[in-house]
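In case you want the letters, here they are:
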Amino acid sequence: MARIDLVDLAHSYGGGTYALKPMTMTWRQGGAYALLGPSGCGKTTLLNIISGIVTPSQGKVLFDGNDITHASTRERNIAQVFQFPVIYDTMTVGENLAFPLKNRGLPRDKIAARVGEIAKLLDLTPYLDRKAVRLSADAKQKISLGRGLVRPDVAAVLFDEPLTVIDPHLKWELRSKLKALHQALDLTMIYVTHDQTEALTFADTVVVMHDGAVVQSGTPEDLFARPAHTFVGYFIGSPGMNIVPAGVKGREAVVSGHVIGLNRSYDNLPAGGKIEIGVRPEFVHVADPAPGLLSAQIERIDDLGRVRFARVRIGDVKFAATVPNGVAVPEKTVGLVFDPAHIHVYSDSLLVEGRA
Ligand code: ATP
């Protein structure tokens with residue numbers, strides 16, 4: 001496994017626009033990463049640059065400090081697992097798992113031991129002597145995962161939406177299994193997905209991409225508690241973070257003419273920026289309307305069983321807030337009670353650090 005550095009890396013497929021905007025970042029040796037973002041944000045382009053399928057139009061890729069920007073996938077010693085199973089139907093499950101090791105000339109006893117270990121971790125042991133052709137799509141994708149994980153010496157294992165073809169009830173099981181596999185095998189893994197649940201369950205570091213750029217890289221808790229960009233706030237969480245235009249001065253934000261107290265002071269806002277405050281629905285709750293509270297109009301209630309969210313409007317702005325347990329919801333107008341410790345201030349979509 002390897003530490004991977006991207007140095008001033010960018011990519012354009014032509015036509016002058018960047019599919020990947022200039023970035024410099026490091027992927028730790030042995031880390032479990034998820035690369036998360038919506039369709040078209042550049043995830044696959046970045047993954048293919050790391051694996052060597054795409055050569056970047058600018059910048060360098062380093063593995064353990066060595067420049068491999070122009071090296072082939074084979075020379076990079078990368079394993080990749082794609083959306084759809086890549087296996088040999090005519091081979092047995094065991095032969096499929098052994099193939100990448102045979103290809104690299106490993107001795108037979110080492111191959112048998114490693115195939116046995118990977119088959120056990122993926123619950124494939126009972127199928128080792130079965131031909132792959134007759135197995136279900138789920139089982140075939142498990143073999144693909146096994147083939148990706150079987151080589152102990154790879155620089156990194158890259159997964160490109162590997163659970164797309166997996167039956168929904170098995171997805172949860174395989175997601176947790178992949179996390180356990182990462183711990184057992186000690187490999188650098190990068191897992192591409194547009195599904196936040198997949199990303200947050202698998203990864204210890206989630207790298208969020210938006211419009212060709214990495215907007216935040218952090219633990220699931222970082223992304224939830226301190227989104228560095230309004231996109232992260234909105235994309236992570238269900239419902240996502242409320243982002244509301246505001247006037248901010250010192251320790252006060254003004255939304256629709258109403259003053260909301262802040263925990264930190266903001267005298268340092270960049271001039272001319274678009275100022276917004278962000279607060280997760282978990283940290284604002286509805287109450288009966290009262291003179292000191294920002295008022296909002298109820299549109300509907302989403303009852304998720306353990307928690308209820310009120311979908312409300314503040315003027316033209318849509319907003320979500322928690323309905324405390326045991327509270328009956330007024331039919332039309334509510335007051336909103338904010339937790340100042342969890343209100344963030346953004347200038348042109350970027351988090352601003354306030355002063356304590
Ligand atoms: P998805 O989840 O839909 O695969 P993604 O986040 O992986 O999306 P990319 O596939 O990397 O995004 O695409 C990033 C941008 O580059 C998109 O605008 C896409 O249209 C463009 N793009 C991707 N591959 C090519 C290509 N071979 N030629 C030209 N443009 C491309």
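All figures in this text were calculated on a predicted structure; none of them were measured in a lab.

> Residue-level account of the domain arrangement of the protein, with values.
On domain assignment, one finds that the protein holds domain 1 (4-228) and domain 2 (242-351). Relative placement of domain 1 and domain 2: their C-alpha centres are 39 Å apart. At the junction of the two partners, domain 1 supplies six residues and domain 2 supplies eight residues. Taking both partners together, domain 1 and domain 2 bury about 590 Å²; carbon and sulfur atoms supply 51% of that area. Summed over the shared surface of domain 1 and domain 2, the number is zero salt bridges.

> Give a detailed account of the pattern of salt bridges, specifying residues and quantitative values.
Applying the stated criterion across every chain yields a total of 13 salt bridges. A salt bridge links Glu276 to Lys274, with the shortest nitrogen-to-oxygen separation between them at 4.0 Å. Residue Glu276 is classed as buried on the basis of its relative accessible area of 12%. According to the relative accessible area criterion, Lys274 is partly exposed, its value standing at 47%. With a closest N to O distance of 2.8 Å, Asp302 and Arg300 form a salt bridge. A relative accessible area of 17% places Asp302 in the buried class. Three or more residues joined by partner-sharing salt bridges are found here, namely Arg300, Asp302 and Arg311.

> Quick one: what's the story with the site of the ligand, residue by residue and with numbers?
In the region of the ligand, the neighbouring residues are Tyr13, Ala19, Pro38, Ser39, Gly40, Cys41, Gly42, Lys43, Thr44 and Thr45. Between the ligand and the protein, one listed contact pairs an oxygen atom with a backbone N or O atom of Gly40 at 2.7 Å. In this structure, an oxygen atom belonging to the ligand sits 2.9 Å away from a side-chain N or O atom of Lys43. Protein burial of the ligand: of its 630 Å² of free accessible surface, 52% is covered by the chains. Residues that form the shell around the ligand fall into these classes: four nonpolar, five polar and one charged.

> Residue-level account of the sheet that holds strand 1 (residues 4-11), with values.
Pairing within the open sheet is antiparallel, and its four strands lie in the order 2-1-4-5. The sheet is open, and its two edges are formed by strand 2 (20-27) and strand 5 (66-67), each paired on a single side. Helix 1 (residues 43-51) rests against strand 1, strand 2 and strand 4 (58-63) of the sheet, and its axis sits at about 125° to strand 1.

Definitions and cut-offs
- Residues numbered from 1 in each chain as written.
- Predicted model: local features only at pLDDT ≥ 70, side-chain atom pairs only at ≥ 80, totals over all residues.
- Heavy atoms only, no water.
- Domains from an automatic or database assignment.
- Contact = heavy atoms within 4.5 Å.
- Buried area = accessible area lost by both parts, 1.4 Å probe.
- Salt bridge = Lys/Arg side-chain N within 4 Å of Asp/Glu carboxyl O.
- Buried < 20%, exposed > 50% of the residue type's maximum accessible area, 1.4 Å probe, protein only.
- Near = heavy atom within 4 Å.
- Polar contact = N/O pair within 3.5 Å; in protein donor to acceptor, adjacent residues only side chain to side chain.
- Areas by Shrake-Rupley, 256 points an atom, 1.4 Å probe, with all protein chains shown as cover.
- Nonpolar A, V, L, I, M, F, W, Y, C, P; charged D, E, K, R; others polar.
- Pairing = 2+ DSSP bridges.
- Helix = DSSP H or I, 4+ residues; strand = E, 2+ residues; numbered from the N terminus.
- Axes fitted to C-alpha atoms, helices over the stretch in contact; angles between N-to-C directions.

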